[in-house]
Amino acid sequence: MVSLRPLAALPVVGVLADGRTYRHLLYLLVALPLAFVHSGVFSFGVIFGAALAPVLVGLVVLLATLVAARLLAGFERWLADGLLGTDLARPDDRGEADGAVAGARTYVDAASTWRGIGFLSAKFSVALFGLVPLILLARGVPLLTAPLRYPVTVQFGEVNGEPATWAIGTLPEALAAVPLGVVAVLVACHLANAVAYAARRMAVALLDGPTRDAAAGGNERVTVDGEASGD
């Protein structure tokens, strides 16, 4: 019986048939708005918290910022699981405490709080790099679909303050635009997967909490072959 090779496994063009590519593009699409939300929360919390710290209200604002950071990190964990294919565990390194002061201290002492802040800060860089494949895709799709809707004017950007455009008015011009559109779309998809891979590794390093096995296994480690061994 002859088995057909999955389309997603094809080199170069298989990325178009891989559903992960479109999940990665969606992740990058929402990354920039989320990065601005993260930046706004931290800017407000740190600036006003530090300014009002002498009257103790600032300490409450700073604590609220840490709590908000954990909530945002939890949302990023859920988003990475859904769109980046991770399986991140919820951190449980906050110990139990009696009283408001001791409870507040658990947020400061938890390593996951600061790892989450690190991820949220680095997310802005992911969002900026993620703009490149999104812009390239936005330029490539009009070229790819030109034969279906010409005459059309495709804009590529600006040169010396003037828009750089290509007025496609004939069928030969529209057909000539298709290969350029294919290349742009393929490059955009591969770049999106590359940026998503970096974001996935960041999420695993900074958002993944201790697993039950790790918590119960003490000083066990996993070797390259997947066998557990003790230190």
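The present account deals with the structure reproduced in this document. Not measured: the values here are computed from a predicted model. (Residues numbered from 1 in each chain as written. Predicted model: local features only at pLDDT ≥ 70, side-chain atom pairs only at ≥ 80, totals over all residues. Heavy atoms only, no water.)

### Considerations on the pattern of salt bridges
- This model, assessed by the stated rule, comprises two salt bridges.
- Linking Arg 20 and Asp 18 is a salt bridge whose minimum nitrogen-to-oxygen distance equals 2.7 Å.
- We classify Asp 18 as buried; its relative accessible area is 15%.
- Across the pair Glu 76 and Lys 123 runs a salt bridge, and its minimum N-O distance is 2.8 Å. You can see Glu 76 sitting in helix α2 (residues 57-83) and its partner Lys 123 sitting in helix α4 (residues 111-144), a full 47 residues away along the chain. With respect to class, Glu 76 is no different from Lys 123; both count as buried. (Salt bridge = Lys/Arg side-chain N within 4 Å of Asp/Glu carboxyl O. Buried < 20%, exposed > 50% of the residue type's maximum accessible area, 1.4 Å probe, protein only. Helix = DSSP H or I, 4+ residues; strand = E, 2+ residues; numbered from the N terminus.)

### Describing the side chain of His 24
- In this structure, His 24 sits in helix α1 (residues 19-52).
- Owing to a relative accessible area of 6%, His 24 belongs among the buried residues under this scheme.
- A distance of 2.7 Å separates a polar atom in the side chain of His 24 from a polar atom in the side chain of Asn 193.
- Look past the residues within four positions of His 24 in its chain and what remains in contact with it is Leu 83, Leu 84, Ala 192, Asn 193, Ala 196 and Arg 200. (Polar contact = N/O pair within 3.5 Å; in protein donor to acceptor, adjacent residues only side chain to side chain. Contact = heavy atoms within 4.5 Å.)

### Re the packing of aromatic side chains
- In this structure the tally under the stated criterion is three aromatic pairs.
- Taking the centre distance of 5.7 Å and the plane angle of 90° together, the rings of Phe 36 and Phe 124 count as edge-to-face. Remark: Phe 124 occurs in helix α4 and Phe 36 occurs in helix α1; sequence separation between them is 88 residues.
- With a relative accessible area of 29%, Phe 124 lands in the partly exposed category.
- With a centroid separation of 5.5 Å and 35° between ring planes, the pair formed by Phe 75 and Trp 78 is classed as tilted. One end of the pair is Phe 75 and the other is Trp 78, both in helix α2 and three residues apart, which spans about a single turn.
- Under the relative-accessibility criterion, Phe 75 is labelled partly exposed at 35%. (Phe/Tyr/Trp six-rings, centres within 6.5 Å; stacked < 30°, edge-to-face > 60°.)

### Points about the nonpolar core
- With 26 residues, the main nonpolar core has Tyr 27, Leu 28 and Phe 119 as its most contacted residues.
- Only α1, α2, α4 and α6 (171-206) provide two or more residues apiece to this core.
- In terms of residue count, α2 provides more of this core than any other element does, seven residues in total.
- Once residues within four sequence positions are removed from consideration, Phe 119 is found in contact with Tyr 27, Glu 76, Ala 199, Met 202, Ala 203, Leu 206 and Leu 207.
- In terms of nonpolar packing, the next biggest core, distinct from the first, is built from seven residues, Ala 146, Val 154, Ala 174 and Ala 177 among them. (Core = buried A, V, L, I, M, F, W, Y, C linked by side-chain atoms within 4.5 Å.)

### Some details on the packing of α1 against α6
- α6 packs onto α1 with a crossing angle of 70° between their chain directions and a minimal axis gap of 9 Å. In this view, α1 runs roughly perpendicular relative to α6, as classed from their interaxial angle. Here α1 runs over α6; the crossing is left-handed. Contacts between α1 and α6 involve Arg 20, Thr 21, His 24, Leu 25, Tyr 27 and Leu 28 on the former and, on the latter, Cys 189, Ala 192, Asn 193, Val 195, Ala 196, Ala 199 and Arg 200.
- Here the contact of α1 with α6 is built from residues that sort into eight nonpolar, three polar and two charged. (Axes fitted to C-alpha atoms, helices over the stretch in contact; angles between N-to-C directions. Parallel < 35°, antiparallel > 145°, perpendicular 65-115°, else oblique. Left-handed = near helix turned anticlockwise from the far one by under 90°. Nonpolar A, V, L, I, M, F, W, Y, C, P; charged D, E, K, R; others polar.)

### Details of a nonpolar patch on the surface
- A cluster of nonpolar side chains, Phe 44, Ile 47, Phe 48, Leu 52, Val 55 and Val 57, forms an exposed patch at the surface whose accessible area comes to about 570 Å².
- Element by element, the count of residues in the nonpolar patch is highest for α1, at four residues.
- Tracing the backbone shows Val 57 in helix α2.
- A relative accessible area of 45% places Val 57 in the partly exposed class. (Patch = residues over 30% accessible without salt bridge, like charges linked within 9 Å, V, L, I, M, F, W, Y side chains within 5 Å. Areas by Shrake-Rupley, 256 points an atom, 1.4 Å probe, with all protein chains shown as cover.)

### Examining the side chain of His 38
- Inspection of the secondary structure assignment puts His 38 in helix α1.
- In this view, His 38 contacts Leu 72, Glu 76, Leu 120 and Lys 123; residues no more than four positions away in its chain are not counted.

### Let's talk about α4
- Taking 1.5 Å of rise per residue, the 34 residues of α4 would be expected to cover 50 Å, and the 48 Å separating its terminal C-alpha atoms lies within 8% of that figure.
- At Ala 122, α4 is deflected by roughly 25°, the largest bend along its length. (Expected span 1.5 Å × (residues − 1). Bend = angle between axes of the 7 residues up to and from the residue.)

### Description of the packing of α1 against α4
- Where α1 meets α4, the axes come as close as 7 Å, and the angle between the chain directions of the two elements is 140°. Comparing their axes, α4 and α1 come out oblique. Here α1 runs over α4; the crossing is left-handed. From α1, Leu 25, Tyr 27, Leu 28, Leu 29, Ala 31, Leu 32, Leu 34, Ala 35, Phe 36, His 38 and Phe 42 reach across to α4, where they touch Ile 117, Phe 119, Leu 120, Lys 123, Phe 124, Val 126, Ala 127, Gly 130, Leu 131, Pro 133, Leu 134 and Leu 137.
- Residue composition of the contact of α1 with α4, by class: 20 nonpolar, two polar and one charged.

Taken by themselves, the reported measurements are silent on function.
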